[in-house]
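The chain contents come next:
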Amino acid sequence: VKNNMDDTDALIFIHNINLRGGTEIMALNLMSAMNSAGIKCKILTLVPYSGKDHNILSVPSDAFELYQSTSDSFINKLIRPTKYLKILRRILEQAIIIISPKLFINFTYDFFPATPNGNNGVLHWSIIGYEQSIFSQIKLKPLLQRPISYISFLLKKKSIHRCLPHINKLIALTHAGKKEILNINPKISQGQIK
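Note that the structure is predicted; figures quoted are calculated from it, not measured.

## Notes on unusual backbone geometry
Here is step 1: Here the phi dihedral of Arg-20 falls at roughly 60°; this positive angle occurs in a residue that is not glycine.
Here is step 2: Along the chain, Arg-20 turns up in the loop between strand 1 (10-14) and helix 1 (22-36).
Here is step 3: Even without being glycine, Ser-100 reaches a positive phi, approximately 55°.
Here is step 4: With respect to the helices and strands, the residue Ser-100 is situated in the loop between helix 4 (83-99) and strand 4 (103-106).
Here is step 5: A relative accessible area of 47% means that Ser-100 is categorised as partly exposed.

## What to know about the confidence of the model for the chain
Here is step 1: Taken residue by residue, the chain gives an average pLDDT of 90. The fraction at 70 or more is 97%.
Here is step 2: Here helix 3 (residues 74-79) stands out as the least confident element of the chain, with mean pLDDT 77; strand 2 (residues 41-45) is the most confident, with 97.

## Here's the deal with the sheet that holds strand 3 (residues 56-58)
Here is step 1: Ordered by their spatial adjacency, 6 strands build an open sheet running 3-2-1-4-5-6, and the pairing between neighbours is parallel. The sheet is open, and its two edges are formed by strand 3 and strand 6 (169-172), each paired on a single side. The mean inter-strand angle of the sheet, taken between neighbouring strand axes irrespective of direction, is 25°.
Here is step 2: Here strand 1 pairs with strand 2 via 5 bridges, running parallel. Residue pairing in the sheet places Ile-12 in a bridge with Ile-43 of strand 2.
Here is step 3: Strands in contact with helix 4 are strand 1, strand 2, strand 3 and strand 4; relative to strand 1, the strand with the most contacts, it is inclined by about 160°.

Criteria and cut-off values
Residues numbered from 1 in each chain as written. Predicted model: local features only at pLDDT ≥ 70, side-chain atom pairs only at ≥ 80, totals over all residues. Heavy atoms only, no water. Helix = DSSP H or I, 4+ residues; strand = E, 2+ residues; numbered from the N terminus. Buried < 20%, exposed > 50% of the residue type's maximum accessible area, 1.4 Å probe, protein only. pLDDT = per-residue confidence, 0-100. Pairing = 2+ DSSP bridges. Axes fitted to C-alpha atoms, helices over the stretch in contact; angles between N-to-C directions. Contact = heavy atoms within 4.5 Å.

Have a look at this one:
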C-alpha cells in the first residue's frame, strides 16, 4: 500500500470497490462526505482498484494474490478454512502501520475476523438475513459441494460472531440491526454499538 504523504484521518476497508453495489456506493458517499467536512478519508480495497481516484488505495498485488490463492484453495477450504483470514489480518495490520489512520473502518462483514482488534466496523445490512441468504445459496450448489460449503460457512459465521466483542465500535444503521448484533454474542456491550 502506497499512501500519499498527507495524513489520513479515516481509512475505510472494503472487499472490492470496483463493484459499485450498495455497500460500495455507501463507502464512496461516506468518504466523500468526510473529505468535504475536512476529515481526510481514503478507501482501501482488497481487490485491485481499476479507477483513477487518488483517495482509493489498493492492497499490493503480491499480497492480494497470496490472499486470493489461499482463499480459493480447495484444500484450505477443507482443512484450513480460516487461513485466508490470517493472511488478510497481516495485510490490514501492515496497511494500518503504513497509512496510520486515526480511524479504521471495516465495511465487509465476512472480513470482521481479520479486522485488527480495537478498530471499528459498519454492519449495514441484516446479519440474520445475510447469513440466511448464504445458506440459501449453498442449497443451490451441486450435491457434493454442499457439505463442504456448509461447514466452511458455519466456521466462518462462528468466527465472525466470536470476534465482534473485540471491535471498538460497531455501527448499525437501524434499531433492528442493533438488536441483531446484541443477540449474536452476549459479550457485545451496548456501549460498543452506535
